[in-house]
Amino acid sequence: MMFFNTMLVVLTDLAARLLGNTAFRKHFHLFLSAVVMIGPALSLWVSQHSIFAKRSHFLYRMFLRSGWGWTCILVGSFVFLLSFSVRRSLSLSVRHLSRLAVAGGLWFGFCNLLDLLENTTGSCYEPLTAGSEVANGQPLLVLREGESKSGCLGAGMLWRGYEVSEDVFLLCLCCLLLAEETAVFGPYLSLGGISGAPLRILFLFCVLLLWLWLFLLLCLLAYFPQFPTQLIGGALGCLSWRGLYQGWYRQGPSWYCPGRPGLGLLNTKTSSSEAQAAQRSHDHYN
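Owing to the predicted nature of the structure, the values given are computational and were not obtained by experimental measurement.

What counts, and where the lines are drawn
The numbers attached to residues start from 1 for each chain and follow its sequence in the written order. Thresholds applied to this predicted model are a pLDDT of at least 70 for local features of residues and 80 or more for the giving and counting of side-chain atom pairs; totals over whole chains, interfaces and linings are not thresholded and use all residues. By convention in this description, side-chain values take in all heavy atoms of the structure and omit both hydrogens and water. For the purposes of this entry, the term helix denotes a DSSP run of H or I that reaches at least four residues, the term strand denotes a run of E that reaches at least two, and both are numbered from the N terminus. When a residue's accessible area, from a 1.4 Å probe over protein chains only, is under 20% of the maximum for its type it is buried; when over 50% it is exposed; and in between it is partly exposed. Here a residue-residue contact requires only that any non-hydrogen atoms of the pair lie within 4.5 Å. Under the convention used here, a 1.4 Å probe and the Shrake-Rupley method define accessible areas, while residue burial counts only the protein chains that appear. Residues adjacent in sequence count toward polar contacts only when both atoms are side-chain atoms; beyond that, a polar contact is any pair of N or O atoms within 3.5 Å, and within protein one must be able to donate a hydrogen and the other to accept it. Residues belong to one nonpolar core when they are buried, are Ala, Val, Leu, Ile, Met, Phe, Trp, Tyr or Cys, and are joined through side-chain atoms within 4.5 Å. Two cysteine sulfurs form a disulfide in these notes if their separation is within 2.5 Å. In this analysis, the expected span of each helix is defined as 1.5 Å times one less than the number of residues it contains. The pairing test for Phe, Tyr and Trp rings, Trp by its six-membered ring, is centres within 6.5 Å, and the orientation test on the planes gives stacked under 30 degrees, edge-to-face over 60, and tilted for anything in between. A ring has a charge above it when a Lys NZ or an Arg CZ is no more than 6 Å from the ring centre and no more than 35 degrees off the ring normal.

Draft legend 1. The overall build of the protein, seen in detail. Across its full length, the protein carries 11 helices and 4 strands. Looking at the 286 residues of the protein, the share that counts as buried comes to 43%. For the protein, the proportion of contacts with a sequence separation of at least 24, taken over those separated by at least 6, is 76%. When the accessible surface of the protein is split by element, carbon and sulfur atoms take 65% of a total near 14700 Å².

Here it is as structure tokens:
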């Protein structure tokens, strides 16, 4: 048990120092943008016989299809436990949790708009499988007018429309959200904040989830390249993060704004001047 506690403290301290580093927070979105732009080039080197080249892989089914749920559960638990253990204020904890609700509403709204865009610009095609109608190994497609997307796909036909990768959009948004919400743990620990095993374990799970999302993002880009739909999805994720965490949340807490991560939490067991210095250091990258 002593060894487990020691390893837990060492690992969480290292991860908190990395995620709370100013250089990391300044450039993480640039790193993510570079991954989205360069990732499809990896398709030239990866093997299409790999287990990650199958959409039925366990990681895709277990995590990618419910990515927002995993992010909300782990990040929400960490944010609530951190804020409530510091202030013992339910209203403050709910205010910090409301950032996840806002991001979730934004993601849900964008997904509906993207579905509407694909339905509006798309058309239904029926593949012809007769031997004389096959060109270059691909069946010819016959346009079927008046079909909806659901009816088209339900009949086993193909729907072609202007598509934006919702998976890349979600993964980019979740990565940036995880980096923002967990970055406060480093300054919190440096100020002597209470950090029991449950809080450290939740933080470590959030870090592991961040790396899992990065890995799945690379897999999608390398094994299922779709240009420019994935590029647009990544751009939407980055723009959503910038609009929330670099824009709206900087206005400070109010009835219409939940405020930045860590606001009101980085002054535990320390003087007010040290707390203000920590908060300024935490927000300096903005």
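There's more to say after this.
Draft legend 2. Structural detail: unusual backbone geometry. In this structure, Pro-228 follows Phe-227 across a cis peptide bond, with omega equal to 5 degrees. For Pro-228, the position within the fold is in the loop between α9 (197-223) and α10 (229-245). A positive phi angle is found at Arg-88, which is not glycine, with a value near 55 degrees. Position of Arg-88 relative to the elements: it lies in the loop between α4 (67-87) and α5 (90-121).

Draft legend 3. Main features of the side chain of Ser-50. Here Ser-50 is to be found in the loop between α2 (22-38) and α3 (58-62). Of the polar contacts made by the side chain of Ser-50, one reaches the side chain of Tyr-223; its length is 3.4 Å.

Draft legend 4. Inspection of the nonpolar core at higher detail. Counting residues in each nonpolar core, the largest one holds 72 residues, and the members touching the most others are Phe-78, Trp-213, Leu-216 and Leu-217. If you tally residues by element for this core, the top one is α9, at 17 residues. Leave out the neighbours within four places in its chain, and Leu-216 touches Leu-59, Tyr-60, Phe-63, Leu-64 and Leu-171.

Draft legend 5. Inspection of the state of the cysteines at higher detail. Taken as a whole and judged by the stated rule, the model has 1 disulfide. A sulfur-sulfur separation of 2.2 Å characterises the disulfide bridge that pairs Cys-124 with Cys-152. The sign of the 85 degrees torsion about the S-S bond sets the Cys-124-Cys-152 disulfide as right-handed. Remark: Cys-152 occurs in helix α6 (residues 149-154) and Cys-124 occurs in strand β1 (residues 123-128); sequence separation between them is 28 residues. You'll find Cys-124 and Cys-152 in the same group, each marked buried.

Draft legend 6. A look at α2. An ideal rise of 1.5 Å per residue puts 24 Å on 17 residues; α2 measures up with 25 Å between its terminal C-alpha atoms. When α2 is considered as a whole, its buried residues turn out to be Phe-24, Arg-25, Phe-28, His-29, Leu-32, Val-35 and Val-36.

Draft legend 7. A look at the packing of aromatic side chains. Evaluation of the coordinates by the stated rule reveals 16 aromatic pairs. Ring geometry for Phe-58 versus Phe-63: centroids 6.4 Å apart, planes at 90 degrees, classification edge-to-face. A relative accessible area of 16% places Phe-63 in the buried class. Taken together, a centroid distance of 5.8 Å and an interplanar angle of 45 degrees make the contact between Phe-78 and Phe-203 tilted. Taken together, the residues Phe-78 in helix α4 and Phe-203 in helix α9 connect sequence positions 125 residues apart. On the accessibility criterion, Phe-78 (0% relative accessible area) is buried. Feature note: the residues Phe-78, Phe-185, Tyr-188 and Phe-203 constitute an aromatic cluster, connected by ring pairs. Over the aromatic face of Phe-224 sits the side chain of Arg-55, whose NZ or CZ is 4.6 Å from the ring centroid.

Purely geometric numbers; function is a separate question.
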